[in-house]
Amino acid sequence: MVNGTTETGSSGTAESLTTSTVAFIGLGNMGGPMAANLVAAGHRVVGHDLSADALAAAAQRGVVPAASAVETVPGADVVITMLPAGRHVLALYRDEGLLAAAAPGTLFVDCSTIDVTDARTAHEAAVAAGHRGLDAPVSGGVVGAEAGTLTFMAGGGADEFAEAEPLLAAMGKRAVHCGDAGAGQAAKICNNMILGVSMVAVSEAFVLGESLGLTAQALFDVASTASGQCWALTSNCPVPGPVPASPANRDYQPGFAAALMAKDLGLAAGAARATGVDATLGLRAAELYEEFAAEGGADRDFSAIVRAIRGRSDR
């Protein structure tokens, strides 16, 4: 680890002298492959998901299925959660007895993307129950989860981060210790605000270029090597052609779904309002993605926002 950052090398994995028993709750599009990568790294993973199909798919990849979330915890060294929202994490921790079922001192690592306040509340609940906590949301989407190339943004104690490092290394290529409890969530929503605003700007530029008679390839060739260069352009280009691996070339199959971008931007917008930050572009991007998701784009990649912009344009 250097300056709070762990690099795991090109393979996305790291060797550890010991293996752990991991409880993993939430085995969907992200959690399922993350749990499978832990199994592949030699860890014993006991998992649960409310979806029978997701649980069966994880079992086929070596995860030991449990009938309930609480049943994953006995004997676990670390409990990892990957859930839709903060209310699910808090309900699981407190109301459904997850904290009470764990052995004293268990490390709880929440990889969900949730509100910063909820992350801090979850951390406090874990500590009050005699455990330790780490918020560690991820960036990289389903492709990164499958490939084991996720980036983790962690908030919590340095010792807790160090203990979690071998597990994070098995699931990703980079882990950054961002600060105390909640700092990982703060970094995640700030990062995704940058991404959401960038994708809107790139999409608007392509639609404007079309209206001016510019080909998508010509604009890409210029912007990708000039001051307009950004990840939304060069890795996730919102129009078909210039970047063969981008979702635009497969009818905007995610990827990172627009509904998830709307959720993350909503969290960022809420934080901006609560702290009095003038985040004009972030707030507008949140509105655009909320509208796009509500109008049928929820299950498309977030780069499909270009379709909404094109549809609203007078062309």
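Right above here is the structure, for reference.
Scope of this entry: the structure provided in the associated data block. Keep in mind that this is a model prediction, so the values were computed, not measured.

Regarding its fold elements, the protein presents 13 helices and 10 strands. With respect to the three principal axes, the spread of C-alpha positions in the protein is 65 × 40 × 40 Å. Within the protein, buried positions represent 52% of all 315 residues. For the protein, contacts bridging at least 24 residues in sequence account for 66% of all contacts bridging at least 6.

Moving on, we come to the side chain of Ser246. You can see Ser246 is positioned in the loop between helix 10 (231–234) and helix 11 (258–275). For Ser246, a relative accessible area of 1% gives the class buried. In contact with Ser246, other than residues within four places in its own chain, are Ser235, Asn236, Cys237 and Val239.

What follows concerns the environment of Leu168. Relative to the helices and strands, Leu168 resides in helix 7 (residues 158–171). Counting along the chain gives 20 residues from Leu168 to Gly148, while the straight-line C-alpha distance between them is 9.4 Å. Not counting chain neighbours up to four residues away, the residues in contact with Leu168 comprise Phe152, Phe161 and Ala175.

Enumeration over the complete set of coordinates arrives at zero disulfides. This cysteine, Cys178, is not joined by any disulfide, and Cys190 carries the nearest cysteine sulfur, 10.0 Å off. Summary of cysteine pairing: Cys230 is not part of a disulfide, and the nearest cysteine sulfur, belonging to Cys237, is at 9.6 Å.

A separate point is the environment of Trp231. Turning to its location among the elements, Trp231 is positioned in helix 10. Once residues lying within four places of it in the same chain are set aside, the contact partners of Trp231 are Leu195, Asn236 and Phe302.

Under the defined criterion, the tally for this structure stands at three aromatic pairs. For the pair Phe256 and Phe302, a centre-to-centre distance of 5.7 Å together with 70° between the ring planes defines the contact as edge-to-face. Taken together, the positions of Phe256 in the loop between helix 10 and helix 11 and Phe302 in the loop between helix 12 (280–297) and helix 13 (305–312) put the pair 46 residues apart, joining distant regions of the chain.

Next up on the list: helix 9 (residues 216–223). Of all the positions in helix 9, only Leu219, Phe220 and Ala223 are classed as buried. Taken around the axis of helix 9, the buried residues stretch over an arc of 100°, which confines them to a single face. Where helix 9 is buried, its residues contact helix 8 (183–211) and helix 10.

Our focus in this paragraph is the environment of Asp278. One can find Asp278 in the loop between helix 11 and helix 12. We classify Asp278 as exposed; its relative accessible area is 69%. Here Thr280 takes part through its side chain, which lies 2.9 Å from a polar atom of the side chain of Asp278.

What follows is about the pairing of strand 9 (residues 150–156). Taking burial as the measure, the seven residues of strand 9 include seven buried ones, the bulk of the element. Residues Leu150, Phe152, Ala154 and Gly156 line one face of strand 9 and the alternating positions Thr151, Met153 and Gly155 line the opposite face, and both faces are buried. Bridging between strand 7 (residues 132–135) and strand 9 involves two bridges; their strand directions are antiparallel. Across the sheet, the residue bridging to Asp135 is Gly155, located in strand 9.

The next subject is the pattern of salt bridges. Proximity of charged atoms lets side chains of opposite charge pair with each other. Under the counting rule described, the total for this entry stands at eight salt bridges. Taking the shortest distance from any N to any O, the salt bridge between Glu210 and Arg310 comes out at 2.8 Å. Residue Glu210 is located in helix 8, and its partner Arg310 is located in helix 13; the two are separated by 100 residues in the primary sequence. Owing to a relative accessible area of 26%, Glu210 belongs among the partly exposed residues under this scheme. The closest approach of N and O atoms between Asp251 and Arg307, which form a salt bridge, is 2.8 Å.

Attention now goes to the side chain of Lys188. Its place among the elements puts Lys188 in helix 8. You can call Lys188 buried: its relative accessible area is 5%. At 2.7 Å, the side chain of Lys188 forms a polar contact with the side chain of Thr113. In contact with Lys188, other than residues within four places in its own chain, are Thr113, Pro137, Val138, Met153 and Asp264.

Basis of the calculations
Residues numbered from 1 in each chain as written. Predicted model: local features only at pLDDT ≥ 70, side-chain atom pairs only at ≥ 80, totals over all residues. Heavy atoms only, no water. Helix = DSSP H or I, 4+ residues; strand = E, 2+ residues; numbered from the N terminus. Buried < 20%, exposed > 50% of the residue type's maximum accessible area, 1.4 Å probe, protein only. Contact = heavy atoms within 4.5 Å. Disulfide = S-S within 2.5 Å. Phe/Tyr/Trp six-rings, centres within 6.5 Å; stacked < 30°, edge-to-face > 60°. Arc of directions from axis to C-beta. Polar contact = N/O pair within 3.5 Å; in protein donor to acceptor, adjacent residues only side chain to side chain. Pairing = 2+ DSSP bridges. Salt bridge = Lys/Arg side-chain N within 4 Å of Asp/Glu carboxyl O.

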